[in-house]
Every structure is written in C-alpha cells, then in structure tokens.
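Residue-level structure breakdown
Below, each chain spelled out in residue letters.
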Amino acid sequence: MNKAMLNKSLLVTLMVSFVMMSCERPKDKAIGYDDVITVVCDDRNWEACEPVLAEKLGKVYQTPPTENLYTFHRIRPQDLNANILNKNILIITRLEAESKVTPQVQSMLPDTTIKNMIKNPKGYYFRGDAYAQGQALIVVAAKSLAGLRNRLQANQDEMFNFVENKMYERQNAFIYRAEEQVELAQKYYDQHGFYVRMMHDYVEIENNTKNNLVWLGRDFPYRWLTISWASPTDTTLEVQLDQLLTSTFGSKLKDLKLNRDYLTAEEIWFKEYSTIKYYGLWESKSEVKGGPFIAYGFYEPLKDRIYLISGIVHAPEKAKLPYVRQLETIIRTFDTQPFVLD
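Cut-offs and rules
- Residues numbered from 1 in each chain as written.
- Predicted model: local features only at pLDDT ≥ 70, side-chain atom pairs only at ≥ 80, totals over all residues.
- Heavy atoms only, no water.
- Buried < 20%, exposed > 50% of the residue type's maximum accessible area, 1.4 Å probe, protein only.
- Helix = DSSP H or I, 4+ residues; strand = E, 2+ residues; numbered from the N terminus.
- Arc of directions from axis to C-beta.
- Phe/Tyr/Trp six-rings, centres within 6.5 Å; stacked < 30°, edge-to-face > 60°.
- Pairing = 2+ DSSP bridges.
- Axes fitted to C-alpha atoms, helices over the stretch in contact; angles between N-to-C directions.
- Polar contact = N/O pair within 3.5 Å; in protein donor to acceptor, adjacent residues only side chain to side chain.
- Contact = heavy atoms within 4.5 Å.
- Salt bridge = Lys/Arg side-chain N within 4 Å of Asp/Glu carboxyl O.
- Core = buried A, V, L, I, M, F, W, Y, C linked by side-chain atoms within 4.5 Å.

Considerations on helix α6 (residues 182-192)
Along α6, the positions that sit buried rather than exposed are Leu184, Ala185, Tyr188 and His192. Taken around the axis of α6, the buried residues stretch over an arc of 100°, which confines them to a single face. In α6, the exposed positions angled more than 90 degrees off the buried face are occupied by Glu183 and Asp190. Looking one or two residues beyond α6, the residue adopting positive phi is glycine 193, at roughly 85°.

Overview of the packing of aromatic side chains
All chains considered together, the criterion is met by 17 aromatic pairs. Aromatic side chains phenylalanine 298 and tyrosine 307 sit 6.0 Å apart centroid to centroid with 35° between the ring planes, which places their arrangement in the tilted category. Judged by its relative accessible area of 0%, phenylalanine 298 falls in the buried class. With a relative accessible area of 0%, tyrosine 307 lands in the buried category.

Regarding unusual backbone geometry
Across residues other than glycine, the phi torsion is negative in most instances, and most of the peptide bonds are trans. A cis amide bond, omega 0°, links proline 64 with the succeeding residue proline 65. Of note, proline 65 is situated in the loop between β2 (60-62) and β3 (66-68). The amide bond that connects phenylalanine 220 to the next residue, proline 221, takes the cis arrangement and shows omega of -10°. By the secondary structure assignment, proline 221 is in the loop between β9 (213-218) and β10 (222-230). Positive phi, normally seen in glycine, also occurs at lysine 271, with a value near 55°.

Points about the sheet that holds strand β5 (residues 88-93)
Adjacent strands of a sheet pair through backbone hydrogen bonds, lying either parallel or antiparallel. Strand order across the open sheet formed by 5 strands is β4-β1-β5-β7-β6, with mixed pairing between neighbours. A strand with exactly one partner marks an edge of an open sheet, and here the two such strands are β4 (71-74) and β6 (125-128). The average angle at which neighbouring strand axes cross in this sheet is 20°, direction not considered. Here 6 bridges tie β5 to strand β7 (residues 136-141), and the two strands are oriented parallel to one another. For isoleucine 91, the partnering residue across the bridge sits in β7 and is valine 139.

Some details on the side chain of asparagine 86
Checked against the element boundaries, asparagine 86 lands in the loop between β4 and β5. Here threonine 38 takes part through its side chain, which lies 2.9 Å from a polar atom of the side chain of asparagine 86. In this structure, asparagine 86 is in contact with Ala30, Ile31, Thr38 and Gln135, ignoring residues within four places of it in sequence.

Quick look at the pattern of salt bridges
A side chain with one charge can pair with a side chain of the opposite charge if their charged atoms come near. On inspection of all chains with the given rule, the structure shows 19 salt bridges. Residue glutamate 169 is joined to lysine 166 by a salt bridge in which the shortest nitrogen-to-oxygen separation is 3.1 Å. Highlighted residues: glutamate 169 and lysine 166, both in helix α5 (residues 145-175), separated by 3 residues, approximately one helical turn. By relative accessible area, glutamate 169 is classed as partly exposed at 41%. Look at lysine 166 and you get buried, because its relative accessible area is 8%. In this structure, glutamate 328 engages arginine 325 in a salt bridge whose closest nitrogen and oxygen atoms are separated by 3.4 Å. On the criterion of helical spacing, the pair formed by glutamate 328 and arginine 325 is a turn pair, its members being 3 residues apart in helix α8 (residues 321-331). By relative accessible area, arginine 325 is classed as buried at 7%.

Some thoughts on the pairing of strand β1 (residues 36-40)
Within β1, 4 of the 5 residues are buried, which leaves it mostly tucked inside the rest of the structure. Pairing of β1 with β4, which is carried by 4 bridges, proceeds in the parallel orientation. Pairing of valine 36 across the sheet is with threonine 71, part of β4. By the bridge criterion, 3 bridges tie β1 to β5 in an arrangement that is parallel. Each residue of the ladder has a partner; that of threonine 38, found in β5, is isoleucine 89.

Here we look at the nonpolar core
The biggest cluster of nonpolar side chains holds 58 residues, and the ones touching the most others in it are Ile92, Leu225 and Phe334. No other element matches α5, which puts 9 residues into this core. Not counting chain neighbours up to four residues away, the residues in contact with isoleucine 92 comprise Val40, Cys41, Asn45, Trp46, Cys49, Leu53, Val101, Val140, Leu148 and Leu152. Trp215, Leu245, Trp282 and Ile306 belong to the second largest nonpolar core, which has 19 residues in total.

Here we look at the sheet that holds strand β13 (residues 290-300)
With respect to topology, 7 strands assemble into an open sheet ordered β8-β9-β10-β14-β13-β12-β11, the strand pairing being antiparallel. Both outer strands of the open sheet, β8 (203-208) and β11 (256-270), are each paired with one neighbouring strand and no more. Between one strand and the next, the sheet's axes are offset by a mean angle of 15°, whatever the strand orientation. With 6 bridges joining them, β9 and β10 adopt antiparallel strand pairing. Residue glycine 217 lies in a different strand from β10, and its bridge partner there is tryptophan 224. Of the strands in this sheet, β8, β9, β10 and β14 (305-314) are in contact with α6, which crosses β8 at around 5°. Of the strands in this sheet, β9, β10, β11, β12 (273-284), β13 and β14 are in contact with helix α7 (residues 237-252), which crosses β14 at around 45°.

Below, the structure is given as structure tokens:
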C-alpha cells in the first residue's frame, strides 16, 4: 500500500470512528438519592469495612435530631444490573472464587486493571459517569480483610472527596436549572468584590457595607445565606474566624445565637483557600425555634479579607441535611472573580 492510500485509509478509519462516537447514545442521568451509597459486598467483608466507611462517608450531623451525611444501602450482587444507574455505587470484594461479587467485578473491569489494583497495596478503582451522568463508582478489591480495610483507610479522604465532588456537580445542575439571579450576584461583585451564584428564589434581606454583611433568604423550608467579612489582624486565623463567627451570629444577625455545645470545626481545602468548615446548631433568642447551620471561613489574599459564608435551615418535621447541602453548594460558588455563564 502506497503512502497516499495509507493516508486515505487512516482518514476513513478516523471518520468512521468519529461518526460512531457522534452516534453513541448519551448516558442517562444517574438516579436515586444524593445521600445514599449503593453497596455490593459480602456479609463478612462488610462487617469489617463498614466502620471505616462510617468515619467519613457515614459521618453524623446534628440537625436536630441527627442525620448521616451518607447512608449505605446494600444490595445483592445479582441486583447490581437493576441498580447500575444509581448515583453512588461502591463495590467491595476479596475476589474469592466462591463470592458472588467477584464475577461482577471481573465483568466490569479489565483483568489488567484488577491485577494493578491488587498489586498496589493502596490501589482502588474509581470513575465518574461510568454508567450514568453524575455517577460516582468505586471498586475496592484486595486479597484479605486486612487488605480491604487498609485500602479503605488509606484512601478514605480521596474517596470522600470524589463522592462529594460528584454530589456538588449534580447539585449545581439541580439548583441552577431555572434562571439564576445574575444581576444580583453581579451587584455584589461591583459593590463588595465577591461573587456568589444566586438561586432564582432568594431575596435580599440586608446589604450593609458598614456592617460588612450581605444577607439573603427564602421561604419555607426557611433558609438564610449570609456573607460577612473583616480585615485581618495579627492574631491567628482561627481566632479571627471565631470572632467573626461570634459577631455574625450575634451582633449582625441579632436574633440568632449558636449552640456552642454542638459546634464542630474541621479544616478543609476550598478552592485555593485553606478553610475552616463549621457546622452545628443555631437557636433563636426570641422564639422557640432553631436548626442546623454550616459556614466556611477563610482568608482571601486578593482582597486581603477574612470571609465567613454561612447558611442556616429551619425546616420542622423535615429532613434538614438535604437543604444544608444545597446551601453548601451555593457557598462553594463564592469567588472574587465574576462567574461567566457559558
């Protein structure tokens, strides 16, 4: 075959491949609840692994009373095909010949992938959008119970972040499916130098430059979103953020206070900011009501400011964590650069 014919053959092959890719049926959207992880795992393996998974993915939040960040729903291996479009799927196995989970893993992953996973003491497999849009799929395989636990413990932060990021991706698509308030968000950027993507049904309660506070809310289930800020001082970031947290839930939002008995703080990485994430319970000073709150606090060097972005929920007789997660999704759109819609 001469060079011209070879080039023509390659061109035809590329065109055929492109047409086949273009005609490929788009994947369906993942289904089910955001906070449910579908688990395929034998009883003995699950007994050993569930406590490790509960440390991060199954973390308990006071809402009140209490809700788990994620719950685990175990299914039989033969029911995996019927649940293959679920939002979060976790498969755990020791690849025993007699296990009914083993054939499922072997049918899903190439032999080389499984061998490489087993060869690496900390190896595991994960993939986004594997069988559906917005899906998080994780497969953990080892030769022993100790190996499974080691892999889960060594990778629990990465697994948690992977599942969380897919959840935020889905939440963003859901929250901003209707018109968002681009003009309102742009106003805050022009006035204060920050931008937060706003849902269509939030209204402005207060926009106070002197008080360093932007405060928005929406009706039942009752939700507030606040952005407060301060100039940095010579004290530690933790001290400054605690002061800003106290002043926000006190002098700025005069009718609210935090229940310090349930206040939790943990360090996270939010965009390029080293951030303290607070969560716990708030209470009204004048009424018998309260609920969960969440807040992100960090130093932003471009504006040389300490920021605290907070969300509170009041939803009696309802599960509250889904609303907290929606607020957290909005909080995570914060930026000191304006957002540009596609």
